[in-house]
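# Close look at the chain arrangement
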Amino acid sequence: MDDGAGLGPEVESHYAGGYEQVRLTEREAPLELVRTQHILQHRLAPPPGRILDIGGGPGVYAAWLARNGYEVDLLDALSLHVQQARETSSRQPDHPFQAALGDARSLPYEEASADAVLLLGPLYHLTEREDRVQALREAGRVLKPNGSVFAAVISRFASLWDGLRRGFLDDPLFWEIVEGDLRTGQHRNPENNPAYFTTAFFHRHQDLADEVRDAGLILDRIVSIEGPGWLLPNPEDWWRDDRRRETLLRLIEMTEEEPALFGATSHLMAIAHP
């Protein structure tokens, strides 16, 4: 399997510094991490069970799931992430997980062999629709009849909100990036500014629903991961305050399936079954 299967060199370069290993865990307000864990906790069948973490990066979710009693196999397109995931697994010898190099569009697993499949990254960087549908189709192939796939995407409007929130729209280049995102969903970063992300496809919620169905899966629901909470100007202050943090998480949960708010989140997740 070639390193970076399905990814362009600019995507490999974006992740080469290893920042994905700390992106979720070392933030002062780790809203994406906590909300994703919350969604999985409430919708996964209880352990034991086998989970395939496809595009699982350095293993943040795989390690957490293994500690919670699941058998986890991680697959990622980048050898750096696989190496980091194996190191993460070795640091919890009582709760190890497997990590291998591979391609979300061609999974090296038998049919009906998994209780759940996570696609928490591949649909970002498979910029052609047919590739995203194929990754979803493969997830369905390896699922048991009562299993579920959890597929995350970046919202079509993420750059718009990020530009407003962080002042990036003062940069004419970023303005061009936002225009492209809104028009086609194809996110490009021609100067490879690390703050502006890398080559990706940004979804509308209907795009995600259509791709899931075209892959032969039955869509259960689409949920917002961060909701509008990621737009707070002072998220760290909210996170440090127990009462405000719980208020924030409760409000996001209460509105997670509200289509009118899907455009305000950074990430969406589809939950589906064969």
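Nothing here was measured: the structure is a model prediction, and the numbers come from that model. (Residues numbered from 1 in each chain as written. Predicted model: local features only at pLDDT ≥ 70, side-chain atom pairs only at ≥ 80, totals over all residues. Heavy atoms only, no water.)

### Some thoughts on the packing of aromatic side chains
Under the counting rule described, the total for this entry stands at five aromatic pairs. Both rings, one in F168 and one in F174, keep their centres 5.2 Å apart while their planes meet at 65°; by these two values the pair is edge-to-face. Residue F168 is classed as buried on the basis of its relative accessible area of 13%. Taken together, the ring pairs in this structure connect F168, F174 and Y196 into an aromatic cluster. The ring of W238 has R244 lying over it, and the distance from NZ or CZ to the ring centre is 4.2 Å. (Phe/Tyr/Trp six-rings, centres within 6.5 Å; stacked < 30°, edge-to-face > 60°. Buried < 20%, exposed > 50% of the residue type's maximum accessible area, 1.4 Å probe, protein only. Lys NZ or Arg CZ within 6 Å of the ring centre and 35° of its normal.)

### Quick look at unusual backbone geometry
Geometrically, the link from P47 to P48 is a cis peptide bond, its omega value of 5° lying close to zero. By the element assignment, P48 lies in the loop between α3 (31-43) and β1 (50-54). Positive phi, close to 50°, is recorded for A112, a residue that is not glycine. Position of A112 relative to the elements: it lies in the loop between β3 (98-101) and β4 (114-119). For N192, which is not glycine, the phi dihedral falls at a positive 55°. Relative to the helices and strands, N192 is located in the loop between β6 (186-187) and β7 (200-203). Residue classification places N192 among the partly exposed positions, given a relative accessible area of 47%. (Helix = DSSP H or I, 4+ residues; strand = E, 2+ residues; numbered from the N terminus.)

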